[in-house]
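Single-letter residue listing:
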Amino acid sequence: MKEEILQLVDLEGNPVGQAPRSVCHKDKSLIQMVVHIEIFNDKGEIYLQKRSETKDLYPGLWDTAVGGHVGAGEKPEEAVLREAEEELGIKPDKLDFLFKYMNENETETEVAVVYKSLYNGPFHIDNDEVIDGRFYTISEIQSLIGKNCFTKSFELEFSILKEKGII
């Protein structure tokens, strides 16, 4: 399998180069761009995916509905649709841009571009990347924050959603 080549960006998310995924995940100075979709249903619940146990970062934890790297030369708008199809087998009718934020974890630095979609299902999850998925109420999520149920990036993103009055 060919190694994924990722888009490198500056602090504002402007493209500045490219590098293999394995290199990016060992050098926090290489800022990658990722895309996320916060999927809400008609009840205002948020769909989350449970990451596969084979993931190198945060295996088995709950995370944003869709999340993935922007490939070299790819636009975020293209990457987010590709990731939605790959991970959940969906083609969202409408995506609304919400915000960008910087995220740094143990192995990498990312600029995350976050979108919102209204979608009630069905989902067709890719079991190589995702082992489960379901809708959570806002209060369920709040009660589980800090209890090692969610990825650190989701918890940060959730706090931004609250801060901006989106939830």
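Check the entry above for the structure.
Here the structure is a predicted model, which means the values were calculated and not measured.

For the largest pocket, the calculated volume is near 530 Å³. In terms of lining residues, the largest pocket is bounded by 32 residues, among which R21, R51, G67, G68 and H69 are the most central. Contributions of two or more residues to the lining of the largest pocket are made by strand 3 (31-40), strand 4 (46-51), strand 5 (62-64), strand 6 (66-69) and helix 2 (76-88). Looking at side-chain class alone, the lining of the largest pocket contains 6 nonpolar, 12 polar and 14 charged residues.

This brings us to the pattern of salt bridges. This model, assessed by the stated rule, comprises 8 salt bridges. The partner of E104 in a salt bridge is K28, and the shortest N-O contact between them spans 3.0 Å. Pair noted here: E104 is in strand 7 (residues 96-104) and K28 is in the loop between helix 1 (21-24) and strand 3, with a separation of 76 residues, a long-range link. For K28, a relative accessible area of 33% corresponds to the partly exposed category. The structure contains a network of salt bridges with shared partners spanning E74, R82, E83 and E86.

The next subject is the pairing of strand 1 (residues 5-9). Taking burial as the measure, the 5 residues of strand 1 include 4 buried ones, the bulk of the element. As paired elements, strand 1 and strand 2 (residues 15-20) share 5 bridges and run antiparallel to each other. The partner of Q7 across the bridge, within strand 2, is Q18. Counted between consecutive antiparallel strands, the loop separating strand 1 from strand 2 contains 5 residues, among which G13 sits at a positive phi close to 90 degrees.

Next up on the list: helix 2. Taking 1.5 Å per residue, 13 residues should reach 18 Å; helix 2 reaches 18 Å between its end C-alpha atoms and fits that length. Turning to helix 2, its buried residues are P76, A79, V80, E83, A84, E87 and L88. Projection of helix 2 onto a plane perpendicular to its axis shows the buried side chains occupying an angular sector of 135 degrees, all on one side. Positive backbone phi, approximately 65 degrees, marks G89, located one or two places after helix 2.

To continue, consider the nonpolar core. Of all hydrophobic cores here, the largest spans 21 residues; its most connected members are I39, L88 and F123. Here this core gets 5 residues from one element, more than from any other, and that element is strand 3. The contact partners of I39, leaving out residues within four places of it in the chain, are E45, I46, Y47, A65, V66, L88, I90, S117, Y119, F123 and F135. Grouped together as the second largest cluster of nonpolar side chains are 9 residues, F40, W62, Y136 and F150 included.

Here we take up helix 4 (residues 152-163). When the terminal C-alpha atoms of helix 4 are compared, their 17 Å separation across 12 residues agrees well with the 16 Å that a helix rising 1.5 Å per residue should span. Those residues of helix 4 not exposed but buried are S153, F154, E157, F158, I160 and L161. One face of helix 4 carries all of its buried residues, which in axial projection span an arc of 160 degrees. More than 90 degrees from the buried face of helix 4, the exposed residues found are K152 and E163. Taken together, the buried residues of helix 4 touch strand 3, strand 4, strand 5, strand 7, strand 8 (109-118) and helix 3 (138-144). After helix 4 finishes, the residue G165 shows a positive phi value of roughly 75 degrees.

Cut-offs applied
Residues numbered from 1 in each chain as written. Predicted model: local features only at pLDDT ≥ 70, side-chain atom pairs only at ≥ 80, totals over all residues. Heavy atoms only, no water. 1 Å grid on protein atoms, 1.4 Å probe; cavity = no way out; pocket = protein on both sides within 12 Å on 5 of 7 lines; lining within 4 Å. Points joined across faces, edges and corners; volume = space filled by probe spheres on them. Helix = DSSP H or I, 4+ residues; strand = E, 2+ residues; numbered from the N terminus. Nonpolar A, V, L, I, M, F, W, Y, C, P; charged D, E, K, R; others polar. Salt bridge = Lys/Arg side-chain N within 4 Å of Asp/Glu carboxyl O. Buried < 20%, exposed > 50% of the residue type's maximum accessible area, 1.4 Å probe, protein only. Pairing = 2+ DSSP bridges. Expected span 1.5 Å × (residues − 1). Arc of directions from axis to C-beta. Core = buried A, V, L, I, M, F, W, Y, C linked by side-chain atoms within 4.5 Å. Contact = heavy atoms within 4.5 Å.

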